[in-house]
Amino acid sequence: MDLRIFTEPQQGASYDTLLTVAKATEDLGFDAFFRSDHYLHMGSVSGLPGPTDAWITLAGLARETSRIRLGTLMTAATFRLPGVLAIQVAQVDQMSGGRVELGLGAAWFEQEHTAYGIPFPKEKFGRLEEQLDIVTGLWGTETGKTFSYDGKFYQLADSPALPKPAQAKVPVLIGGLGAKRTPRLAARYADEFNIPFASVADTQAQFGRVRTAAEEAGRSADDLVYSNALVVCVGKDDAEVARRAQAIGRDVDELKENGLAGSPAEVVDKIGRYAEVGSSRIYLQVLDLHDLDHLELISSQVQSQLS
């Protein structure tokens, strides 16, 4: 079971804070550092000092780390034109020596689009599909040849399809709980399918849909990595769990029901239940980015039991 650190910087984090967490992620033996792609905070937090851009952040971290994978859950398809996104991700992959992964989603948070003057189209899923087609098409075009695309939403003519990523294939993540179109997209484009904040039962059902869609598309269902994203709140004892839950404005019982919370043994047990239904990677949503002792505890008491 791979454990990855997943951050939500729109809730309030500077680049320096993210760099500190990314370096701790690397030093403590976690597999990857991922971040959300949002420009507006959610809930009652202030969001100060303000948003950071996902791919600018990852570009900086690419030069400041050496081992961990770097990526997004999920880049918003509405934020960037697909040709530009392909260039950005390829460049950051080069800067990292081939450690980047692209999670790409349709986007859902209308208020952040309004706040920063970003169009929020009604037809988002069709745009996402075309973006996936274009980004992977540009990367897959042989050097020296050109790429053209005539879609409903995007058109490209005679693109040189450059630059190329350092990796022969940048892993693409698709996720969500949509019952029909999401599994179909995953079957066609994804290297990894991720389910955010879902129960074990819902995870099992959605993994089953994706596996079926992959087989129907003529692809082995085992070609994909299956993963979950879950909020994490671990403590050596009940008092420490309660303190960490209070720090992120959550209730302990709710966290235990909907996330990975409690003692290291409790969290290892629950991760095991996700593993039983096919998950091989967990993105630990860490909401208090200043509590590095939390990461150390997870590394020493949870990750050590899973490796």
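Everything that follows concerns the structure shown earlier in this document.
Residues numbered from 1 in each chain as written. Predicted model: local features only at pLDDT ≥ 70, side-chain atom pairs only at ≥ 80, totals over all residues. Heavy atoms only, no water.

Asker: Please explain the pattern of salt bridges as it appears in this structure.
Answerer: Pairing between side chains becomes possible if they bear opposite charge and their charged atoms approach one another. Taken as a whole, this structure holds 22 salt bridges when the rule is applied. Across the pair D2 and R281 runs a salt bridge whose closest N-O atoms are separated by 3.2 Å. On the criterion of sequence distance, the pair formed by D2 in strand 1 (residues 2-7) and R281 in strand 12 (residues 281-286) is long-range, its members being 279 residues apart. Overall, the relative accessible area of 11% leaves R281 in the buried class. (Salt bridge = Lys/Arg side-chain N within 4 Å of Asp/Glu carboxyl O. Helix = DSSP H or I, 4+ residues; strand = E, 2+ residues; numbered from the N terminus. Buried < 20%, exposed > 50% of the residue type's maximum accessible area, 1.4 Å probe, protein only.)

Asker: What is the right way to look at unusual backbone geometry in this model?
Answerer: Peptide bonds are, in most cases, trans, and in most cases residues other than glycine have a negative phi. For the peptide bond that leads from L48 to P49, omega is 10°, which places it in the cis range. In this chain, L162 is followed by P163 through a cis amide linkage whose omega measures 0°. Of note, A107 is a non-glycine position whose phi angle comes to about 85°, a positive value. As for its placement among the helices and strands, A107 is situated in the loop between strand 5 (100-105) and helix 4 (110-115). Judged by relative accessible area, A107 falls into the buried class, the value being 16%. In this structure, F197 is a non-glycine residue whose phi angle is positive, near 55°. You can see F197 is positioned in the loop between strand 9 (192-196) and helix 7 (200-216). Overall, the relative accessible area of 42% leaves F197 in the partly exposed class.

Asker: Sorry if this is basic, but what is going on with the pairing of strand 8 (residues 172-175) here?
Answerer: Regular strands place their side chains on alternate faces of the sheet. Bridge count between strand 5 and strand 8: two bridges; the pairing is parallel. Along strand 8, the bridge assignment pairs L102 with V172. After leaving strand 8, the chain enters helix 6 (residues 181-189) and then returns to the sheet as strand 9, a path that is right-handed. (Pairing = 2+ DSSP bridges. Right-handed = clockwise from strand over helix to strand, strands pointing away.)

Asker: How should I be thinking about the environment of D288 in this particular structure?
Answerer: Relative to the helices and strands, D288 is located in the loop between strand 12 and helix 11 (292-306). Accessibility expressed as a relative area gives 26% for D288, which makes it partly exposed. Placed 276 residues apart in sequence, D288 and G12 show a C-alpha to C-alpha distance of 9.6 Å. The residues touching D288, leaving out its near neighbours within four places in the chain, are A247 and I248. Polar side-chain contacts of D288 include one of 3.2 Å to the backbone nitrogen of H290. (Contact = heavy atoms within 4.5 Å. Polar contact = N/O pair within 3.5 Å; in protein donor to acceptor, adjacent residues only side chain to side chain.)

Asker: Would you mind going over the pairing of strand 5 with me for this structure?
Answerer: Of all six residues that make up strand 5, six are buried, and the element is covered over most of its length. A two-sided burial pattern is seen for strand 5, the buried positions comprising V100, L102 and L104 on one face and E101, G103 and G105 on the other. As paired strands, strand 3 (residues 69-72) and strand 5 are joined by two bridges and run parallel to one another. Bridged to L70 within strand 5 is V100. For strand 4 (residues 75-76) and strand 5, the ladder comprises two bridges, and the chain directions are parallel. For A76, the partnering residue across the bridge sits in strand 5 and is G105. Crossover strand 4 to strand 5 through helix 3 (residues 82-96) is right-handed.

Asker: So what exactly am I meant to see when it comes to the nonpolar core here?
Answerer: The tendency in soluble globular proteins is for nonpolar side chains to be buried side by side. If you look at the biggest cluster of nonpolar residues, it comprises 76 residues, and the most contacted ones within it are L3, W55, L284 and V302. The element that contributes the greatest number of residues to this core is helix 5 (residues 125-140), accounting for seven residues. Discounting chain neighbours no more than four positions away, the residues touching W55 are T72, T75, R80, L85, V89, V92, V100, E101 and L102. (Core = buried A, V, L, I, M, F, W, Y, C linked by side-chain atoms within 4.5 Å.)

By themselves, these are just geometric observations and shouldn't be taken as functional.
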